[in-house]
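Fold and geometry: a report
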2 protein chains.
Amino acid sequence: MIVTELTEPECFSFLERAWFGRLACCKDNQPYVVQLGLVYRERCLYVLSTLGQKIEWMRENPNVCVSVDEIASQADWTSVIVTGTYRELEEPRYEDERALAHKLLEKHRHFWENPLAERQAKVGDSLIDPIYFSVDIASVTGLRATPAS
Amino acid sequence: MIVTELTEPECFSFLERAWFGRLACCKDNQPYVVQLGLVYRERCLYVLSTLGQKIEWMRENPNVCVSVDEIASQADWTSVIVTGTYRELEEPRYEDERALAHKLLEKHRHFWENPLAERQAKVGDSLIDPIYFSVDIASVTGLRATPAS
């Protein structure tokens with residue numbers, strides 16, 4: 001297996017294909033990591049969520065880290081790690097960008113089902129407001145492993 | 001799609017099959033998340049690593065969160081989230097547990113290749129000491145999504 005570092009343009013072109021990742025946030029020195037659907041556009045990762053622990057924590061501390069990877073096997077994978085800042089796409093201030101996030105995310109089937117269903121499983125809400133946010137990317141690194149030929 | 005919460009025993013039995021996850025740690029309110037190989041045994045997740053950002057951060061702040069999931073599709077997945085504490089398996093104090101971790105981890109092909117190759121890609125070390133650690137599990141939660149029939 002050979003592992004090489006990705007350049008920044010290679011990381012961004014990898015993110016363009018992504019629809020899923022894991023987001024880490026933290027509060028009072030306690031980290032928290034969750035899986036979520038996401039889409040990339042121009043140094044932003046767009047996410048649909050519902051109110052819950054991660055949103056409450058990121059409102060308090062907007063520093064986040066996102067891991068996006070494709071794993072074919074233990075010796076054949078690509079992993080990109082994004083460091084960035086949480087920015088909630090509130091209306092009316094971010095109305096256009098919120099509409100863009102919605103449009104990009106809805107291409108992925110079930111994009112809205114997961115956060116809503118998870119939230120309902122946890123709190124039994126029948127009425128849930130969607131929250132759109134961006135992770136504004138500050139830096140990105142990546143590694144790719146390929147089987148030795 | 002129906003999402004249900006897993007009980008604690010269901011979470012642990014899911015972890016028994018796991019060989020891979022994402023670990024989040026944090027320092028000075030900045031989270032960091034990385035993919036890694038892992039194995040579960042008796043409320044511990046065992047990991048082989050090399051010295052690097054995550055180890056340096058966890059030595060400073062041992063609070064960690066680990067996400068382990070199996071995703072068949074966007075409507076068919078299981079996700080378990082572990083909160084716990086970093087404990088480095090130093091010799092001679094943890095010699096027996098270190099040997100156990102080695103034995104459990106080596107069942108997974110490439111288990112030692114990934115961290116070593118990643119480290120070499122990053123720093124060009126030719127000689128690298130492996131570090132074994134445990135995430136001692138404090139709490140665990142899980143969700144399972146199944147397609148609506």
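Residues numbered from 1 in each chain as written. Chains lettered and ligands numbered in written order. Predicted model: local features only at pLDDT ≥ 70, side-chain atom pairs only at ≥ 80, totals over all residues. Heavy atoms only, no water.

When its secondary structure is counted, chain A shows four helices and eight strands. Ordered by position from the N terminus, the helices and strands of chain A form the series β-α-β-β-β-β-α-β-β-α-α-β. In chain A, which comprises 149 residues, the share counted as buried stands at 53%. When contacts within chain A are restricted to residue pairs at least 6 apart in sequence, those whose partners lie at least 24 apart make up 72%. Only carbon and sulfur atoms are counted for the fraction: they give 47% of the accessible area of chain A, which is about 7200 Å². (Helix = DSSP H or I, 4+ residues; strand = E, 2+ residues; numbered from the N terminus. Buried < 20%, exposed > 50% of the residue type's maximum accessible area, 1.4 Å probe, protein only. Contact = heavy atoms within 4.5 Å. Areas by Shrake-Rupley, 256 points an atom, 1.4 Å probe, with all protein chains shown as cover.)

Here the focus is unusual backbone geometry. Most peptide bonds take the trans configuration, and most residues that are not glycine carry a negative phi. Residues and elements named next belong to chain A. Going from Glu91 to Pro92, the amide bond is cis rather than trans, its omega being 0°. With a phi angle near 50°, Asp28 is a residue other than glycine that sits in the positive phi range. Take Asp28: it is sitting in the loop between β2 (20-27) and β3 (30-37). For Asp28, a relative accessible area of 63% puts it in the exposed group.

Further remarks concern the pairing of strand β6 (residues 63-73) of chain B. Residues and elements named next belong to chain B. For strand β2 (residues 20-27) and β6, the ladder comprises three bridges, and the chain directions are antiparallel. Looking at β6, one finds that Arg22 is bridged to Ser67. Pairing analysis gives 10 bridges linking β6 to strand β7 (residues 76-88), with the strands arranged antiparallel. In the sheet register, Val64 faces β7, and the bridge partner there is Gly84. Between β6 and β7, which pair antiparallel in sequence order, lie two residues. (Pairing = 2+ DSSP bridges.)

All names here are of chain B. All chains considered together, the criterion is met by zero disulfides over all chains. No disulfide involves Cys44; its sulfur sits 16 Å from the nearest other cysteine sulfur, which is in Cys11. The buried category is assigned to Cys44, whose relative accessible area is 9%. (Disulfide = S-S within 2.5 Å.)

Quick look at the pattern of salt bridges now. Scanning the entire structure with this criterion turns up 18 salt bridges over all chains. The partner of Glu88 of chain A in a salt bridge is Arg59 of chain A, and the shortest N-O contact between them spans 2.9 Å. Residue Glu88 of chain A is located in strand β7 (residues 76-88), and its partner Arg59 of chain A is located in helix α2 (residues 53-60); the two are separated by 29 residues in the primary sequence. Exposure remark for Glu88 of chain A: the relative accessible area of 15% places this residue in the buried category. Taking the relative accessible area as the measure of exposure, Arg59 of chain A reaches 46% and is therefore partly exposed. A salt bridge links Arg87 of chain B to Asp136 of chain B; its shortest N-O distance comes to 2.6 Å. With Arg87 of chain B in strand β7 and Asp136 of chain B in strand β8 (residues 130-146), this residue pair connects regions lying 49 residues apart in the sequence. What makes Arg87 of chain B buried here is its relative accessible area of 16%. Via salt bridges that share partners, Arg22 and Asp69 of chain A together with Arg22 and Asp69 of chain B belong to a single interconnected network. (Salt bridge = Lys/Arg side-chain N within 4 Å of Asp/Glu carboxyl O.)

Looking at the secondary structure, you find Gln35 of chain B in strand β3 (residues 30-37). A distance of 3.5 Å separates a polar atom in the side chain of Gln35 of chain B from a polar atom in the side chain of Ser79 of chain A. Setting aside residues up to four positions removed in sequence, Gln35 of chain B forms contacts with Asp69, Ile71, Trp77 and Ser79 of chain A together with Phe20, Gly21 and Arg22 of chain B. (Polar contact = N/O pair within 3.5 Å; in protein donor to acceptor, adjacent residues only side chain to side chain.)

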